[in-house]
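Per-entry structural report
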Amino acid sequence: MHDDLGQQLSGLALMTKGLELKLAKRRARETLDAARIHNLVQQATTHARELARDLATLDLKGNDLPTALDGLAQHATKLFNISCKFSAEGTIPALESNIASQLYKIAQEAVTNAKKHAKAKRVTITLANGSDQIVLTVHNDGLPFPNLKSHSTGMGLRIMNYRASLIGGSLEIKGASPRGTRVVCTVPLEGKKQPRRSHS
C-alpha cells in the first residue's frame, strides 16, 4: 500500500499543485478548485500512510481481533470513501496471535479488492463463532468478482488462500445475492484443526 498507492497519491499531489500554480499565474477562476483538489489528495495521502503504518506495526493479541477489524472498517470508510462496517456474532474466543493476524490481513485484502476491483460502495466485515470454528466473512455490493486469472486480482486471491492455509483454514469466494461478492474464511478452533485445501 505504501509503495503503490502512496507513491501514486504523492505523484498526483505534485501534479495538482503544479496545476494550481499554473492557474494562479493566469489568475484563472479555477485556481481555488485546483487548490481544494490538491488538499484532498494530500489528505488521502496522509490516510494511506497512517493505514500502512498501522498494518506494518500490527501485533495482535488473541482477543484483540474484533477491535482491530472494527478499526480496519473505520480506516476503510475514511480512506476509500465507502460504507464499511464490522460486527461480531457470538462470543469470540481468544485466538492465537498468528491466527488473529492472518484473519486480519485476509479481511484487509478483501476490503481493498472490494474497492479497487469491484468498485463497491458498501462492505461488511463479520466475525462469527460457529461453536467449533471461527468464520470471517467480508461481503461487498460491487461488481461480480473479476476473472481469477487476472494478474492484478489473482495474486491477491492466492495470497488470501495461502494465509488461510497457514492457519489450517479454508477460503471460499462466491457471488452474493442480489449482487456483490462474499469472501468467507473458516478456521477450526484449537484442537479441531484439520487443514483443508482452499477453493474458490
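Residues numbered from 1 in each chain as written. Predicted model: local features only at pLDDT ≥ 70, side-chain atom pairs only at ≥ 80, totals over all residues. Heavy atoms only, no water.

1. Description of the pairing of strand β3 (residues 133-140)
Where burial is concerned, most of β3 is hidden: 7 out of the 8 residues are buried. Two elements, strand β2 (residues 122-129) and β3, share 7 bridges in a ladder whose sense is antiparallel. For Leu127, the partnering residue across the bridge sits in β3 and is Leu136. Hairpin connection of β2 to β3: 3 residues between the antiparallel strands, including Ser131 at a positive phi of 70°. Bridging between β3 and strand β5 (residues 181-188) involves 8 bridges; their strand directions are antiparallel. The residue bridging Thr137 from the neighbouring strand is Val184, located in β5. (Buried < 20%, exposed > 50% of the residue type's maximum accessible area, 1.4 Å probe, protein only. Helix = DSSP H or I, 4+ residues; strand = E, 2+ residues; numbered from the N terminus. Pairing = 2+ DSSP bridges.)

2. As for the pattern of salt bridges
Under the definition given, this model contains 3 salt bridges. Between Lys17 and Glu20 there is a salt bridge; the shortest N-O distance is 3.5 Å. With a gap of 3 residues between them, Lys17 and Glu20 both fall in helix α1 (residues 5-25), about one helical turn apart. Overall, Glu20 belongs to the buried group, its relative accessible area being 14%. The salt bridge involving Lys174 is made with Glu172; its shortest N-O contact spans 3.9 Å. Judged by relative accessible area, Glu172 falls into the partly exposed class, the value being 30%. (Salt bridge = Lys/Arg side-chain N within 4 Å of Asp/Glu carboxyl O.)

3. Section: α1
Spanning 21 residues, α1 covers 30 Å between terminal C-alpha atoms, matching the ideal 30 Å at 1.5 Å per step. Looking at α1, one finds that the buried residues are Gly6, Leu9, Ala13, Thr16, Glu20 and Leu23. Down the axis of α1, the sector holding all buried residues measures 110°, keeping them to one side. In α1, the exposed positions angled more than 90 degrees off the buried face are occupied by Gln7, Gln8, Leu14, Met15, Lys22 and Lys25. Looking one or two residues past α1, Arg27 carries a phi angle of roughly 55°, positive in sign. (Expected span 1.5 Å × (residues − 1). Arc of directions from axis to C-beta.)

4. Focus: the nonpolar core
Counting residues in each nonpolar core, the largest one holds 41 residues, and the members touching the most others are Leu69, Leu103, Ile125 and Leu136. Of all the elements in the fold, those that place two or more residues in this core are α3 (65-80), β1 (83-89), α4 (97-116), β2, β3, α5 (151-166), β4 (170-175) and β5. No other element matches the 9 residues that α4 contributes to this core. Contacts of Ile125, omitting those with residues within four sequence positions, involve Leu69, Leu72, Ala73, Cys84, Lys85, Phe86, Ser87, Val111, Leu136, Thr137 and Val138. (Core = buried A, V, L, I, M, F, W, Y, C linked by side-chain atoms within 4.5 Å. Contact = heavy atoms within 4.5 Å.)

5. What to know about the pairing of β5
Burial analysis of β5 places 7 of its 8 residues in the buried class, the great majority of the element. With 6 bridges joining them, β4 and β5 adopt antiparallel strand pairing. Its bridge partner lying in β5, Ser170 is registered against Thr186.

6. Here we look at the environment of Ile173
Along the chain, the position of Ile173 falls in strand β4. For Ile173 and Val184, which are 11 residues apart along the polypeptide, the C-alpha to C-alpha distance reads 6.4 Å.

7. A short note on unusual backbone geometry
The general pattern is negative phi for most residues beyond glycine and trans for most peptide bonds. Not every positive phi belongs to a glycine, and Arg27 is a case in point at roughly 55°. Locating Arg27 in the fold gives a position in the loop between α1 and α2 (31-56). What makes Arg27 exposed here is its relative accessible area of 76%. Non-glycine residue Asn81 carries a positive phi angle of around 60°. Of note, Asn81 is situated in the loop between α3 and β1. By relative accessible area, Asn81 is classed as exposed at 68%.

8. Section: the sheet that holds β1
If you trace the 5 strands from one edge of the open sheet to the other, you get β1-β2-β3-β5-β4, paired in mixed fashion. Lying at the two open borders of the sheet, with one neighbouring strand each, are β1 and β4. On average, each strand axis in the sheet is inclined to that of its neighbour by 15°, with strand direction left out of account. The strands touched by α3 within the sheet are β1, β2 and β3, with β1 carrying the most contacts at an inclination of about 165°. Contacting β1, β2, β3, β4 and β5, α4 runs over the sheet at an angle of about 15° to β3. (Axes fitted to C-alpha atoms, helices over the stretch in contact; angles between N-to-C directions.)

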